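Summary of the model geometry
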Amino acid sequence: MHRVSPWVVACLLLLGAGAYSETSWKGVRQAVPEISRKDLEPTLGQGVLLGILGGLRTVVADATWLRSYVFWEKRDRAGCEALMKTACALDPRSRFFWENTGYAVGYDFAHWEIRRRGGYAKVAPDIQEGIFRRYAQLGLAVFEDGVEHTGGNSGILISAGQLAEIKLKDNLLAAAYYRRATQAKTVPWFAYFMCARTMWEAGQKKEAYAWYSAQWLGKLKKEEDGAPDDLERLRFMEDELKVPVQLRIPRQSWEK
């Protein structure tokens with residue numbers, strides 16, 4: 001009996017997913033109300049859409065999101081953004097929708113805009129930088145909406161911090177987002193480090209050490225492993241700042 005090639009299986013699965021997306025969209029398209037683009041803003045469109053669709057909204061949201069990828073593949077900013085924001089409005093508690101909409105707006109759209117203007121060789125570097133900054137700010141606005149609608153999701157805050165750091169080159173703004181992430185109900189283990197690092201790189205070295213050491217003493221040292229990576233970074237800060245021995249974090253029994 002011949003084994004089926006993994007590539008054949010993969011192709012069949014992709015074709016099936018595409019067919020499912022198309023048939024799902026056709027099935028729910030009539031349930032999506034006709035609204036203008038400005039009505040797709042979450043603060044306005046959300047109440048209308050949720051009221052009309054009721055319990056069907058998560059199904060429609062998933063189908064709408066799948067459909068948005070068709071526009072994403074075509075580099076159609078207006079269609080992609082409209083459908084992605086519709087999905088966010090339909091299922092406003094979904095971290096996935098908010099996070100990936102923010103990524104598309106904050107990262108992808110700028111590249112599409114530059115290509116639309118003739119490409120990187122024809123668009124001046126300062127113009128490109130302005131485009132990247134403009135879309136990054138729009139992406140942050142999406143993330144902020146996502147934080148509000150998800151009750152302060154730490155993952156979205158981390159994504160916002162990364163966007164501020166990478167595209168806006170604003171370490172202090174990034175640090176503010178990372179710090180907010182450390183105050184969420186569920187905190188990624190690296191959030192404290194990222195906040196301290198961006199503060200440090202922004203020139204706030206003493207403030208970074210003071211905040212980071214307070215977090216380690218108050219929270220991180222109580223973790224099962226004692227957060228050794230964070231303490232190692234704090235030791236580096238202590239050496240760089242030449243913190244007197246008596247003012248340093250007491251040496252732990254498990255340190256080398």
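These numbers were taken from a predicted model, which means no experiment stands behind them.

1. As for the overall build of the chain
- Regarding its fold elements, the chain presents eleven helices and zero strands.
- Put simply, the chain runs from its N terminus to its C terminus through helices and strands in the order α-α-α-α-α-α-α-α-α-α-α.
- When burial is assessed residue by residue, the chain has 45% of its 256 residues classed as buried.
- Taking contacts inside the chain between residues at least 6 apart in sequence as the whole, the part at least 24 apart equals 58%.
- Surface accessibility of the chain: about 14,600 Å² in total, with carbon and sulfur atoms responsible for 57%.

2. Structural notes on the packing of aromatic side chains
- In this structure the tally under the stated criterion is 13 aromatic pairs.
- The interplanar angle of 90° and the centroid separation of 6.3 Å between the aromatic rings of F109 and Y135 together place this pair among those described as edge-to-face. Of the two residues, F109 is situated in helix α5 (residues 95-116) and Y135 in helix α6 (residues 125-149); the sequence distance between them amounts to 26 residues. Across the pair, Y135 and F109 agree in class, each one buried.
- Note on Y192 and W211: the rings are 6.2 Å apart at their centroids and 25° apart in plane angle, and the pair reads as stacked. Residue Y192 is located in helix α9 (residues 191-201), and its partner W211 is located in helix α10 (residues 205-218); the two are separated by 19 residues in the primary sequence.
- The rings of W65, Y69, F96 and F97 are connected pair by pair, giving a single aromatic cluster.
- Residue placement shows R75 over the ring face of W72; its charged tip is 4.8 Å from the ring centre.

3. Things to note about a nonpolar patch on the surface
- A cluster of nonpolar side chains, namely L66, Y69 and F96, defines an oily patch on the protein surface of about 250 Å² accessible area.
- Tracing the sequence through the fold places L66 in helix α3 (residues 57-73).
- By relative accessible area, which is 32% here, L66 ends up partly exposed.

4. Remarks on helix α11 (residues 228-241)
- Here α11 contains 14 residues, and its C-alpha end-to-end distance of 20 Å stays within 8% of the 20 Å for a straight helix at 1.5 Å per residue.
- Those residues of α11 that sit buried are D230, L231, L234, R235, M237 and E238. Along the axis of α11, the buried positions cluster into a sector of 160°, meaning they face one direction only. Pointing more than 90 degrees away from the buried face of α11 are the exposed residues D229 and E232.
- On its buried side, α11 packs onto α9 and α10.

5. Digging into the environment of G146
- One can find G146 in helix α6.
- By relative accessible area, which is 0% here, G146 ends up buried.
- When the C-alpha atoms of G146 and R93 are compared, they prove to be 8.0 Å apart, with 53 residues separating the residues in sequence.
- Setting aside its immediate chain neighbours within four residues, G146 contacts W98 and I156.

6. Structural notes on unusual backbone geometry
- In this structure, K169 takes a positive phi of about 55° despite not being glycine.
- Overall, the relative accessible area of 58% leaves K169 in the exposed class.
- With phi around 55°, K242 is a residue other than glycine that occupies positive phi space.
- Looking at the secondary structure, you find K242 in the segment after α11.

7. What to know about the pattern of salt bridges
- Tallied over the full model, the rule gives eleven salt bridges.
- R197 is paired through a salt bridge with E201; the nearest N and O atoms lie 3.2 Å apart. Of the two residues, R197 and E201 are both situated in helix α9; the distance of four residues between them amounts to about one turn of the helix.
- On the basis of relative accessible area, R197 is assigned to the buried category, the value being 15%.
- When its relative accessible area of 46% is taken as the criterion, E201 is described as partly exposed.
- Each of R77, E81 and K85 takes part in salt bridges that share partners, so that together they form one network.

8. Brief notes about the side chain of E255
- Tracing the backbone shows E255 in the segment after α11.
- At a separation of 2.8 Å, a polar atom in the side chain of E255 contacts the main-chain amide nitrogen of Q252.
- What E255 contacts, discounting residues up to four positions off in sequence, is L231, R235 and P250.

Conventions and cut-offs
- Residues numbered from 1 in each chain as written.
- Predicted model: local features only at pLDDT ≥ 70, side-chain atom pairs only at ≥ 80, totals over all residues.
- Heavy atoms only, no water.
- Helix = DSSP H or I, 4+ residues; strand = E, 2+ residues; numbered from the N terminus.
- Buried < 20%, exposed > 50% of the residue type's maximum accessible area, 1.4 Å probe, protein only.
- Contact = heavy atoms within 4.5 Å.
- Areas by Shrake-Rupley, 256 points an atom, 1.4 Å probe, with all protein chains shown as cover.
- Phe/Tyr/Trp six-rings, centres within 6.5 Å; stacked < 30°, edge-to-face > 60°.
- Lys NZ or Arg CZ within 6 Å of the ring centre and 35° of its normal.
- Patch = residues over 30% accessible without salt bridge, like charges linked within 9 Å, V, L, I, M, F, W, Y side chains within 5 Å.
- Salt bridge = Lys/Arg side-chain N within 4 Å of Asp/Glu carboxyl O.
- Expected span 1.5 Å × (residues − 1).
- Arc of directions from axis to C-beta.
- Polar contact = N/O pair within 3.5 Å; in protein donor to acceptor, adjacent residues only side chain to side chain.

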